[in-house]
Amino acid sequence: MLFRSGSSSSDEGLGSGERVAAPGGGGGGSALMENADFSVNTILKQLESIQQGTPKNIVILGTRHCSFLHQRIIELLSYALVLSDNHIFTSGATGTHAAAIRGALRANATDLLTVILPQSRSRQTEDCQELVAEVTQVVSLPENDALSLEVASKRCNRRLVKETEHLIAFAFHDSNTIVQTTVEAKEMDKLVTVMYLY
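About the thresholds
- Residues numbered from 1 in each chain as written.
- Predicted model: local features only at pLDDT ≥ 70, side-chain atom pairs only at ≥ 80, totals over all residues.
- Heavy atoms only, no water.
- Helix = DSSP H or I, 4+ residues; strand = E, 2+ residues; numbered from the N terminus.
- Buried < 20%, exposed > 50% of the residue type's maximum accessible area, 1.4 Å probe, protein only.
- Contact = heavy atoms within 4.5 Å.
- Areas by Shrake-Rupley, 256 points an atom, 1.4 Å probe, with all protein chains shown as cover.
- Salt bridge = Lys/Arg side-chain N within 4 Å of Asp/Glu carboxyl O.

Q: With reference to specific residues and values, describe the overall build of the protein.
A: Helix and strand counts for the protein come out as 6 helices and 9 strands. Looking at the protein residue by residue over its 198 residues, the buried ones come to 47%. Pairs at least 24 residues apart make up 72% of the contacts formed inside the protein by residues separated by at least 6 positions. Surface summary for the protein: the accessible area is close to 9,800 Å², and the carbon and sulfur share equals 52%.

Structural data, given as C-alpha cells:
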C-alpha cells in the first residue's frame, strides 16, 4: 500500500514520482509514501487536525476491487473512526465502501454513518441493498438513474466530498474515478489521504 496525503493542490512537496519510506518502514512489505506532500501548510493543517481532537465528517471512498486484507484494514479504520465520534460518509458498493459500512456498523453508532448511493436503491446490487438495509441514514440519488454508473459515481463522490472535511481514498493508480475525486477534493481545500493499493 502506498500513502499520499495533502490538503491542497497548491502545496509544495517532493517532486513528482519521488518516494520516501514511511515512518516505521523497514524491510520488505513496508509502506511507502509516493509524491509525499511535506509542505509547511500541509503539516500544520494535519497537526492542527490531530490536536483539535474534535469529531470530524470523514468520507471513505475507494475501489470495488480490493483484497480481503485491504477490506479488513478499511473496516478497522472505519470502526476506530466511529469509536472516536467521527461521522463516516461513504457510498454503496462492494470493496472499500462495503468495508467502511461494516466497520461503522460494528461500532454500534448508526447515527455516525451516512451512505449516499449514486443512483436509486433499486439500482444497487443485491449485496449492497442488504448491507444498507442496516443503515439508518441512506440517501439515494434517483436523478442519476439515467446516467452511466461511472458518471453517477463521480457526481455522488463530489457530493460526499462537499459534505465532509477529510477524504480518505483507497485506489489503484488507474482508478480514474477515485483519483479524479482526490484532485477535486484538494481543489476544494479538503484534507486528502490517498492509499494506493497493489
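Q: For the environment of Arg 158, give the residues involved together with the corresponding values.
A: Here Arg 158 is to be found in helix α5 (residues 149-162). With 24 residues separating them along the chain, Arg 158 and Thr 182 place their C-alpha atoms 9.6 Å apart. Once residues lying within four places of it in the same chain are set aside, the contact partners of Arg 158 are Gln 180, Glu 184 and Met 188.

Q: Requested: an account of the pattern of salt bridges, with residues and values cited.
A: Within this structure, the stated rule accounts for 6 salt bridges. Glu 150 is the partner of Lys 154 in a salt bridge, and the nearest nitrogen-oxygen pair spans 3.4 Å. Taken together, the positions of Lys 154 and Glu 150, both in helix α5 and 4 residues apart, correspond to about one turn of that helix. A relative accessible area of 47% places Glu 150 in the partly exposed class. Between Arg 159 and Glu 163 there is a salt bridge, and its shortest N-O distance comes to 3.1 Å. Classification of Glu 163 as partly exposed rests on a relative accessible area of 34%.

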